[in-house]
Amino acid sequence: MTTRIDRRMAKLKAEGRPALVTYFMGGDPDYDTALAIMKALPGAGSDIIELGMPFSDPMADGPAIQAAGLRALKGGQTLAKTLKMASEFRAGDDETPIVLMGYYNPIYIYGVDRFLADAKASGIDGLIVVDLPPEMDEELCIPALKAGVNFIRLATPTTDDKRLPKVLENTSGFVYYVSMTGITGSALADTAKVSAAVTRIKGHTALPVCVGFGVKTAEQARVIGASADGVVVGTAIVNAIANVLGPRGEKTADPAEAVATLVSGLAQGVRSARLAAAE
Amino acid sequence: MNKPAMPNSFRTGPDEQGMFGIFGGRFVAETLMPLILDLEEQWNKAKTDPEFKAELQNLSTHYAGRPSKLYFAEGLTKHLGGAKVYFKREDLNHTGSHKINNCLGQILLAKRMGKKRIIAETGAGQHGVASATVAARFGYPCVVYMGATDVARQSPNVFRMKLLGAEVRPVTAGHGTLKDAMNEALRDWVTNVEDTYYLIGTAAGPHPYPELVRDFQSVIGTEARAQMLEQEGRLPDVIIAAVGGGSNAIGLFHPFLDDKDVRIIGIEAGGRGLDGIEHCASMSAGKPGVLHGNRTYLLQNSDGQILDGHSISAGLDYPGVGPEHSWLRDSGRVQYEPILDDEALEAFQLTTRVEGIIPALESAHAIAHAMKIVPKMDKDQLVIVNLSGRGDKDVHTVANMLGMEI
């Protein structure tokens, strides 16, 4: 069974370039604005959309994404609304893969079976759930795979060769390599080390490997994209939204436009990655 | 929730996956997974190592001052006019609470594992002080995460930690209480995986923490059980302890779990009442969910967002509870009851006046429940209340509540 993620990754491989994976927080700063941002992403050069599900206690996230989640929750975002946002996006775009990213508790409270049925119906292609390691696969990973939804696992610098097969076992869609030990938005790790890690993971799997945590600029996207199959950018996008919000949350410019400008630049970086690598 | 089948023993958990029934588990980011697997392996080796046991025993005796006394609270007993009330005097331990039991055990584990740096979270500051204490004793740098609200209301403990050489990092996220401090400690740990030992203060978090913290705290119940047999010639009828994360409670309860005639009661923070949201009674008013590495009862909304809760006592101000308590609740072995801020305050004052003991506000919750049930019990019945800590740290909070200035 191929998914939108599989098809998109195969297409980019044929084009000889890595994917630009863009993360933003569903409902930040409010539902309508977030939907406008989501709709602007593919045109600006995003190949895969990571749609953040806000959670009150995001233990793996830095201050920028913590703040985005709080803005979204304050704006009334819920998991049900995040799914609705995906289906509204899907009505106008049946190609761009959507990956939901967040923490387990809102899904657990929504109910795993009901969540998977609704996510599938909303056009969701994959899930990244930070606090579900392979040891907890029975919770959501196995049911998701049965439902035909990709479960994308995080591999990290602490995932050694002994552990990698366990992490990769039920992973599908792509592998998300976390470039550093740390929280989202930290400084980018040594890119040579990241490249070596990508090569190491590729020795264990045929799945595409995307790299995230710490990538903020087009230049960084270009360098990481030289070895990885995809580059994930999150905090920089979330910051672009925060930068056009005033002290009381009022918009000082159009957030969708601010995000589109940033993503266009990142897309250029990603698109020049393999050219640069070939030089 | 469906009630699980009644087990033959209540003392065998957790299973190999770290589960107590549906509770517990290892809900952590992949970055931390190799660390907690390593901790589990080291802990399994340590707990059967006679050298480890001997070193902990020696420190417990000569450094922490164990065994703590089981004290017949004659003044309170006379005042209440029912069953005989005993206090398990954890307030007399070095650093003034039960927290030192766990910290001594874990610092020895950190040493075995070759770690170079200690981090901890704290609510009331009791665990922060105990962590800073053992870090000083064993020569480790120590960072303590503490909610900004708690930094303000527990200033004596903040100063103690600083004197002991720890760095106290105030956390402003959320309401600035224990939950937020724990998030920030986890963020530190995920960043500093190579050299850092996370010294969790309560019997919660990802497996194996709930188990190892319980085992280090079970000295409370093991001693109390033997002391009661020696002093009264029989087991108590009722044992009571306050439950925040639940480490002093599980420490007292665990050795008694298979004594089926002993009634066991855990006291949650009822705050300003369970009708509103200003309480921390996760088992009385919450539902199961996943936070901080384990599945357990949590205060949360219908979207699975965690609520902040409220308690007069910073040590009980946590919207979750250790997973073993959740399992003991559902299995019916332990009864969990809320006590309001005002009731705890009354117990705090009464104990001070009739016993000459200033109890921690956490422990005052347990005493408050004893005040409710003891008068209705027979004079030959026996009750143990875990006096988990001393209340010097709380005098500012209490003065505030009473409208007095210090």
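Just so it is clear, the structure is predicted and the values come from calculations on it, not from any experiment.

Quick notes on the rules
Every chain is numbered independently, its residues counted from 1 as its sequence is written. To label them, take the chains in the order written and letter them from A, then take the ligands in the order written and number them from 1. Where totals are concerned, whole chains, interfaces and linings use all residues; where local detail is concerned, this predicted model gives features only for residues with pLDDT of at least 70, and gives and counts side-chain atom pairs only at 80 or more. What counts as a helix is a DSSP run of H or I of at least four residues, what counts as a strand is a run of E of at least two, and both are numbered from the N terminus. C-alpha atoms define the radius of gyration in this analysis, and the globule rule sets the expected value at 2.2 Å times the number of residues to the power 0.38. Exposure is read from a count of other C-beta atoms within 10 Å of each residue's own; the residue is exposed at 12 or fewer, buried at 20 or more and partly exposed in between. C-beta atoms are placed from the backbone. For every domain, the bounds stem from an assignment made automatically or drawn from a database. We call two residues in contact when the distance between their C-beta atoms, placed using the backbone, is within 7 Å. Residues are grouped as follows: Ala, Val, Leu, Ile, Met, Phe, Trp, Tyr, Cys and Pro are nonpolar; Asp, Glu, Lys and Arg are charged; every other residue, Gly included, is polar. Being paired, for any two strands, means DSSP has found at least two bridges between them. The axes used here are C-alpha line fits, helices contributing only the stretch in contact, and every angle between their N-to-C directions lies in the interval 0 to 180 degrees. In this scheme the crossing of two helices becomes right-handed for a clockwise turn of the near helix relative to the far one and left-handed for an anticlockwise turn of less than a right angle. Each nonpolar core comprises buried Ala, Val, Leu, Ile, Met, Phe, Trp, Tyr and Cys residues, the members being joined through C-beta atoms within 7 Å. UniProt positions are given in the numbering used here, feature names are shortened, and annotations may be inferred rather than shown by experiment. Given the number of residues in a helix, its expected span is that number minus one, multiplied by 1.5 Å. Taking the helix axis as origin, the arc is that swept by the directions to the C-beta atoms. A score between 0 and 100, pLDDT records how confident the predictor is in each residue. Relative orientations are named as follows: roughly parallel for angles under 35 degrees, roughly antiparallel for angles over 145 degrees, roughly perpendicular for angles from 65 to 115 degrees, and oblique for any other angle. Looking down the strands as they point away from the viewer, one classifies a crossover as right-handed if the path from the first strand across the helix to the second runs clockwise.

## Looking at the overall build of chain B
Here's step 1: Counting secondary structure elements, chain B contains 16 helices and 14 strands.
Here's step 2: Taking 406 residues into account, the globule formula puts the C-alpha radius of gyration at 22 Å, and chain B, at 19 Å, falls close to it.
Here's step 3: Within the span of chain B, comprising 406 residues, buried residues form 63% of the whole.

## A closer look at the domain arrangement of chain B
Residues and elements named next belong to chain B.
Here's step 1: Assigned domains of chain B: these are domain 1 (66-96 + 217-401) and domain 2 (99-209).
Here's step 2: Between the C-alpha centres of domain 1 and domain 2 there is a distance of 23 Å.
Here's step 3: Taken together, the contacts link 34 residues of domain 1 with 29 residues of domain 2.
Here's step 4: Listing elements by their share of the side of domain 1 that touches domain 2, those giving two or more residues are helix 11 (247-253), strand 12 (293-298), helix 13 (323-331) and helix 16 (395-401).
Here's step 5: Of the residues assigned to the side of domain 1 that touches domain 2, the class counts are eight nonpolar, 20 polar and six charged.

## Notes on the sheet that holds strand 14 (residues 382-387) of chain B
Residue and element names in this part refer to chain B.
Here's step 1: The strand order across the open sheet formed by six strands is 3-4-14-9-10-13, and the pairing between neighbours is mixed. At either end of the open sheet lies a strand with only one pairing partner, and these are strand 3 (70-72) and strand 13 (335-340). Adjacent strand axes in the sheet meet at a mean angle of 30°, parallel and antiparallel pairs treated alike.
Here's step 2: Of the strand pairs in this sheet, strand 9 (residues 238-242) and strand 10 (residues 263-271) are connected by five bridges, and their pairing is parallel.

## Thoughts on the interface of chain B and chain A
Where interface size is given, it is often the accessible area lost as the parts come together that is meant.
Here's step 1: In this assembly, 26 residues from chain B lie in contact with 32 residues from chain A.
Here's step 2: Listing elements by their share of the side of chain B that touches chain A, those giving two or more residues are strand 2 (23-27), helix 1 (33-47), helix 8 (178-191) and strand 11 (287-291) of chain B.
Here's step 3: In terms of residue count, helix 8 of chain B provides more of the side of chain B that touches chain A than any other element does, six residues in total.
Here's step 4: Across the side of chain B that touches chain A, the residue classes break down as twelve nonpolar, nine polar and five charged.

## What to know about the sheet that holds strand 6 (residues 142-147) of chain B
Residue and element names in this part refer to chain B.
Here's step 1: Strand order across the open sheet formed by four strands is 7-6-5-8, with parallel pairing between neighbours. The two strands at the open ends of the sheet, each matched to only one other strand, are strand 7 (167-171) and strand 8 (196-198). Across this sheet, the average inter-strand angle for adjacent strands is 25°, counted without regard to direction.
Here's step 2: Bridge analysis of strand 5 (residues 117-122) against strand 8 gives three bridges, and the strand direction is parallel. Following the sheet pairing, Ile 118 is matched in strand 8 by Tyr 197.

## Focus on the packing of helix 11 (residues 235-243) of chain A against helix 12 (residues 255-271) of chain A
All names here are of chain A.
Here's step 1: For the pair helix 11 and helix 12, interaxial distance at closest approach is 9 Å and the crossing angle is 145°. The interaxial crossing formed by helix 11 with helix 12 has right-handed handedness. Across the interface between the two elements, Ala 236, Ile 237, Ala 240, Ile 241 and Asn 243 of helix 11 pack against Pro 255, Ala 258, Val 259 and Leu 262 of helix 12.
Here's step 2: Here the residues of the contact of helix 11 with helix 12 are counted per class, giving eight nonpolar, one polar and no charged.

## Examining the nonpolar core
Here's step 1: Tyr 177, Cys 210 and Val 231 of chain A together with Val 383 of chain B are the most contacted members of the largest nonpolar core, which totals 226 residues.
Here's step 2: Looking at which domains feed residues into this core, each of domain 1 (66-96 + 217-401) and domain 2 (99-209) of chain B supplies at least three.
Here's step 3: Leaving out residues up to four positions away in the same chain, Val 231 of chain A has contacts with Pro 18, Leu 20, Val 21, Cys 210, Val 211, Val 215, Ala 221, Ile 224, Gly 225 and Val 270 of chain A.

## Description of the UniProt feature "domain: Tryptophan synthase beta chain-like PALP" (unreviewed entry) in chain B
Here's step 1: Mapped onto this structure's residue numbering, the UniProt feature "domain: Tryptophan synthase beta chain-like PALP" (unreviewed entry) falls at residues 65-389 of chain B.
Here's step 2: Spanning residues 65-389 of chain B, this segment combines 41% helix with 20% strand, and its end C-alpha atoms are found 14 Å apart.

## Digging into unusual backbone geometry
Here's step 1: The omega torsion across Asp 28 of chain A and Pro 29 of chain A is -5°, close enough to zero to call that bond cis.
Here's step 2: Checked against the element boundaries, Pro 29 of chain A lands in the loop between strand 1 (19-25) and helix 2 (31-44).
Here's step 3: Here the amide bond leading from His 207 of chain B into Pro 208 of chain B is cis, since omega sits at 15°, within 30 degrees of zero.
Here's step 4: Secondary-structure assignment places Pro 208 of chain B in the loop between strand 8 and helix 9 (209-217).
Here's step 5: The phi dihedral of Phe 213 of chain A is positive, around 80°, even though this residue is not glycine.
Here's step 6: One can find Phe 213 of chain A in the loop between strand 8 (209-212) and helix 10 (218-225).
Here's step 7: Residue Phe 213 of chain A is classed as buried on the basis of its C-beta count, with 27 C-beta atoms lying within 10 Å.
Here's step 8: The phi torsion at Thr 95 of chain B lies on the positive side, around 75°, for a residue other than glycine.

## A look at helix 9 (residues 191-202) of chain A
Residues and elements named next belong to chain A.
Here's step 1: The end-to-end C-alpha separation of helix 9 is 16 Å, in line with the 16 Å expected for twelve residues at 1.5 Å each.
Here's step 2: Every buried residue belonging to helix 9 is among Val 194, Ala 197, Val 198 and Ile 201, and all of these are buried. Looking straight down helix 9, one finds its buried side chains confined to an arc of 100°; they lie on one side. Structural note: helix 9 exposes Ala 192, Ala 196 and Thr 199 on the side pointing more than 90 degrees away from its buried face.
Here's step 3: Buried residues in helix 9 make contact with strand 6 (154-155), helix 8 (164-168), strand 7 (175-178), strand 8 and helix 10.

## A short note on the confidence of the model for chain B
Here's step 1: For chain B, the average pLDDT comes to 95, and 99% of its residues sit at 70 or higher.
Here's step 2: Overall fold confidence (pTM) sits at 0.96, and the ipTM for the predicted complex is 0.95.

## Observations concerning helix 3 (residues 63-74) of chain A
For an α-helix, 3.6 residues make a turn, and residues three or four places apart therefore share a direction.
Residue and element names in this part refer to chain A.
Here's step 1: In this model helix 3 runs 16 Å from its N-terminal to its C-terminal C-alpha over twelve residues, within 8% of the 16 Å that 1.5 Å per residue would give.
Here's step 2: What helix 3 keeps buried is the set Ala 64, Ile 65, Gln 66, Ala 68, Gly 69, Arg 71 and Ala 72.
Here's step 3: Structurally, helix 3 contributes buried residues whose contacts are with strand 1 and helix 11.
Here's step 4: Just past helix 3, the residue Gly 76 takes up positive phi, approximately 90°.

## Quick word on the packing of helix 2 (residues 50-64) of chain B against helix 4 (residues 99-112) of chain B
For any two helices packed against each other, the geometry is given by the interaxial angle and the distance between the axes.
All names here are of chain B.
Here's step 1: Packing of helix 2 against helix 4 leaves a shortest axis separation of 10 Å and a crossing angle of 140°. Taken as axis vectors, helix 2 and helix 4 run oblique relative to one another. For the crossing formed where helix 2 meets helix 4, the hand is right-handed. Here helix 2 contributes Phe 52, Glu 55, Leu 56, Leu 59, Ser 60 and Ala 64 to the contact with helix 4, which in turn contributes Ile 100, Asn 101, Leu 104, Gly 105 and Leu 108.
Here's step 2: Grouping the constituent residues of the contact of helix 2 with helix 4 by class yields seven nonpolar, three polar and one charged.

## A short note on the pairing of strand 4 (residues 126-129) of chain A
Here's step 1: Residue alternation in strand 4 of chain A divides its side chains into two sets, Gly 126 and Ile 128 of chain A and Leu 127 and Val 129 of chain A, and both sets are buried.
Here's step 2: On the question of chirality, the crossover connecting strand 4 of chain A to the parallel strand 5 (residues 150-151) of chain A by way of helix 7 (residues 141-146) of chain A is right-handed.

## Considerations on the UniProt feature "modified residue: N6-(pyridoxal phosphate)lysine" (unreviewed entry) in chain B
Residues and elements named next belong to chain B.
Here's step 1: Mapped onto this numbering, the UniProt entry annotates "modified residue: N6-(pyridoxal phosphate)lysine" (unreviewed entry) at Lys 99.
Here's step 2: Along the chain, the position of Lys 99 falls in helix 4.
Here's step 3: Those residues in contact with Lys 99 that sit more than four places away from it in its chain are Gln 126, His 127, Ala 130 and Gly 201.

## Quick notes on the environment of Thr 296 of chain B
Residues and elements named next belong to chain B.
Here's step 1: Among the structural elements, Thr 296 can be located in strand 12.
Here's step 2: By the C-beta count within 10 Å, which is 31 here, Thr 296 ends up buried.
Here's step 3: Setting aside chain neighbours within four positions, we find Thr 296 in contact with Phe 23, Ala 204, Pro 288, Gly 320, Val 321, Gly 322, Pro 323 and Ser 326.

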